[in-house]
Amino acid sequence: MTTDARRTRRPYPHAERQDVVQELHGVRVPDPYRWLEDAETAETRRWSAEQEALYAAQRAALPGLEQWEAAVSALGDGDRVRSPKVRGGRVFWLRQEAGQEHPVLVVADAGTGTTPPAPGSASERVLLDPSALDPSGRTVLDAWEPSVEGDLLACQVSRDGTEDSLLRVIDVATGEVVDGPLDRVRKSSVGWLPGGGAFYYVRQLDPRLNPGEERYHRRVCLHRVGTSPDADAVVFGEGRDKTRFYSVSVTEDGRWLGITATLGTGRGTDVHLADLSAAPLDRPLLRPVQEGMGAATRLHAVPGTGPADRVWLRTDRGAARGRVVACRPDELHLGPDAWHEVVPERPDAVLTHLVVLSGPELKNPLGLAAWTRDTVAEVTLHDLVEGRQVATVPLPGTGAVGDFSAVASGGHEAWFAYTDFVTPVRVLRFDARTRRLTRWERDADAAAAGGPVGPAAGGPAASGAAAGGRAVGRPATRGAVTRQVAFPSRDGTTVRMFVISPDGRPDRPRPVLLTGYGGFGRTMSPRYRAQVLAWVGAGGVFAWAGLRGGGEEGEAWHRAGSGAHKQNTFDDFAAAADRLIEDGWTEPGRIAIMGGSNGGLLVGAALTQEPGKYAAVVCSSPLLDMVRYELSGLGPSWTPEYGSAQDPSALPVLLGYSPYHRVVPGTAYPAVLLTAADGDTRTDPLHARKMCAALQHATSGTGPILLRLEHGVGHGDRAASRAAALQAECLAFLASHVGLPAPGSAAGAPTR
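Residues numbered from 1 in each chain as written. Predicted model: local features only at pLDDT ≥ 70, side-chain atom pairs only at ≥ 80, totals over all residues. Heavy atoms only, no water.

A. Focus on the overall build of the protein. In terms of helices and strands, the protein carries 12 helices and 40 strands. Here the protein has a C-alpha radius of gyration of 26 Å; the compact-globule value for 752 residues is 27 Å, and the two agree. Considering only C-alpha atoms, the protein reaches an extent of 75 × 60 × 50 Å along its principal axes. Sorting the 752 residues of the protein into buried and exposed places 58% on the buried side. Of all intrachain contacts in the protein linking residues separated by at least 6 positions in sequence, the fraction that spans at least 24 positions is 57%. Across the protein, the centroid of the 81 positively charged side chains sits 3 Å from that of the 88 negatively charged ones. (Helix = DSSP H or I, 4+ residues; strand = E, 2+ residues; numbered from the N terminus. Rg over C-alpha atoms; globule rule 2.2 N^0.38 Å. Buried < 20%, exposed > 50% of the residue type's maximum accessible area, 1.4 Å probe, protein only. Contact = heavy atoms within 4.5 Å. Lys, Arg positive; Asp, Glu negative; His and termini not counted. Charge placed at Lys NZ, Arg CZ, Asp CG, Glu CD.)

Here it is, written out as structure tokens:
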């Protein structure tokens, strides 16, 4: 079919195809839409404005959009809190009530013992509300850290989605700003020193020193409250790679400073430790704990630790699924020869979190450890001196845990969040003295607070081998039942996915929405998502695949889907789609796929490698030009994950799957919605623009190729109403191409 014929049927904004070819290592790489990389030229602005007008017209015609938005909003609009931080005599936590656009930071008296003041008591007040700072909803709270005494708060806010934070120090008693703003800060960790007079943090160098690289060249600095940040002492980072990320921590007694460094988003960590009593604060004697080993290691130290006492390392060095070792600070430089294993690697699970509890009521320090087994969370308790497991902590269901917190002074309490596909995030409190897990008293819906937490009422769903998987989790909630299915990928590797459906079995072929991530060692655990329940509530099936490149089976699983092995991720995803058809969950022509960020690369590869397999695609905040990805956004940080086109051995791999370069004119591509945000400083919207132009030129299919460009937001957090609108539009678009009626319009999707 000719280009003229295609455009007669579905006209698109004109995009000139230029004869731009780049030669790399002797390979000629066409790039006809390179001009769309510059968002500020008159031609790009014209093209973008016409794409926005086209999308607005298509959006207005989406069937059932209002019902989709109502369903997503209702399912996502509940009261919720995050795990608290207890400092001094105060407790701090994030709370978002139904109808609020952003979480607010709340503070209250911590109380004593196990009987804190009742929720809503006079001591409870809002300390920071992003909506009060900016009624437009474009300002978000990126990070916050109370001082040791709980009388000061370092908070970081950014605007328009850029994640370029400004750090200020607030007097907790009055709410007044007493220091700042400190600029060139991006969600930095903050390590307060006792007394609140100073803290360590991470700041980028003055951008004038390295034009065009303003989001790199980070340094660990010491800031003294009330002084100019220009006077801050640099304590770590000089002479190191520009893409290094750093995090800092200080024990509550001010004795130990820990610094962790990664090369970009690489999994390997360098760890340094300094005894702050041994040198001036602005010149700490940092000693390497681990350098250049390619292993992920985190150091855990508690107040009162001396050089001959114990600290703990959670590491995958010599244990791809993770373990915990103990060592004396004065022997850390000896490396593994000085380590004593206290929590061994498990062959069936991956270690994801560790919290050390060391209160005076405890005989020995205890480690609260979180694991994922077959992508599902487990929590265990360990004696960190005797090196033995002392308890298994029962969870409410089959889901995920995270957001761990403990008293900084080393008490007996820990808090963490639990969620699954049908359970919104709830905060749980663990008491190491009694080994009881209860709902945190200040959680939004704590009707059962104080009672023990165990498997959900009614017990787990009946197990069995029907449909090739085992039933997991909780009883059906809102008409959604979860099963976990194991299947072979194309090379025989076993991959798992969760399938959420109206009744837990493939009763008839239904419209399926398949998603995945498969990158950076991130695990696709069961989590509450309003769009999942909205899709299933309308009669569809939602599938959530754990692909190689993620962290589902540890570091070896991650490496099997990164770098030269990235194609494994895409093969796993295609095999998941095949399995959904084979098992009768759906049929050809009724599979929609969706992914964001690295997941946007995933679905971009899927639609270009097998365009006939999928009926519709939503590709959000994606990476799509894998030859030039490292030249924009945070791209240089991602070369440990993908490789670099500057490497002659990596270029053929990147070019082999780069979605933008695999678009072939005359191909019947499925309906595609690309979404991007102009404030995104991670994945530049240029990827979505170039891919949109390439697909609009090439496709012979009947489905539209659309670009949704959002303004004033970025890659991360946004106002609740804007998040719901984006999710609803994506669901409505996909549903319209796989025959799924909007929620409330039919009992379920009809068969065809």
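B. A look at the packing of helix α3 (residues 65-76) against helix α5 (residues 530-537). Relative orientation of the contacting elements α3 and α5 amounts to 130°, with a least axis distance of 8 Å. Classified by the angle their axes make, α3 and α5 are oblique. Relative to α5, the crossing made by α3 is right-handed. Contact residues: α3 offers W68, A71, V72, L75 and G76, while α5 offers A530, L533, A534 and W535. Its residues placed into classes, the contact of α3 with α5 shows eight nonpolar, one polar and no charged. (Axes fitted to C-alpha atoms, helices over the stretch in contact; angles between N-to-C directions. Parallel < 35°, antiparallel > 145°, perpendicular 65-115°, else oblique. Left-handed = near helix turned anticlockwise from the far one by under 90°. Nonpolar A, V, L, I, M, F, W, Y, C, P; charged D, E, K, R; others polar.)

C. Looking closely at the sheet that holds strand β15 (residues 233-236). Reading across the sheet, the four strands line up as β12-β13-β14-β15 and stay open at both edges, with antiparallel pairing between neighbours. Sheet topology places β12 (190-192) and β15 at the edges, where each strand pairs with a single neighbour. Averaged over all pairs of adjacent strands, the angle between strand axes in this sheet comes to 35°, irrespective of strand direction. Relative to strand β13 (residues 198-204), β12 runs antiparallel, the two sharing three bridges. (Pairing = 2+ DSSP bridges.)

D. Structural context of the pairing of strand β10 (residues 165-171). Where strand β9 (residues 152-159) and β10 come together, six bridges link them in antiparallel fashion. Looking at the pairing, A154 lines up with V169 of β10. In textbook terms, the turn of a hairpin is the stretch between consecutive antiparallel strands, and for β9 and β10 this stretch comprises five residues, one of which, D160, has a positive phi near 65°. With four bridges joining them, β10 and strand β11 (residues 177-185) adopt antiparallel strand pairing. Bridging across to β11, S165 finds its partner in V185. Taking the residues between adjacent antiparallel strands as the criterion, β10 and β11 are bridged by five residues, where G175 takes a positive phi near 80°.

E. Looking closely at helix α11 (residues 686-698). Here α11 spans 18 Å end to end across 13 residues, near enough to the 18 Å set by a 1.5 Å rise per residue. Buried residues dominate α11, accounting for 13 of its 13 residues. (Expected span 1.5 Å × (residues − 1).)

F. Region of interest: the environment of F430. Position of F430 relative to the elements: it lies in strand β30 (residues 423-431). Given the relative accessible area of 0%, F430 is considered buried. When the C-alpha positions of F430 and H687 are compared, they lie 45 Å apart, and in sequence the two are 257 residues distant. Look past the residues within four positions of F430 in its chain and what remains in contact with it is L357, L368, L381, V393, H412, E413, A414, R435, R436 and L437.

G. The sheet that holds strand β21 (residues 311-315), seen in detail. One open sheet holds the four strands; their spatial order is β20-β21-β22-β23, and the pairing between them is antiparallel. Whereas interior strands pair on both sides, the edge strands pair on one side only; in this sheet they are β20 (297-300) and β23 (340-343). Ignoring which end each strand starts from, the neighbouring axes of this sheet average 30° apart. With five bridges connecting them, β21 and strand β22 (residues 323-327) associate as antiparallel partners. Considered in β22, the bridge of L313 is made with V325.

H. Structural detail: the packing of aromatic side chains. Throughout the structure, instances matching the rule amount to 13 aromatic pairs. Between F421 and W544, the aromatic rings sit 5.4 Å apart at their centres with planes inclined by 75°, giving edge-to-face as the arrangement. With F421 in the loop between β29 (413-420) and β30 and W544 in strand β36 (residues 541-546), this residue pair connects regions lying 123 residues apart in the sequence. For F421, a relative accessible area of 2% puts it in the buried group. (Phe/Tyr/Trp six-rings, centres within 6.5 Å; stacked < 30°, edge-to-face > 60°.)

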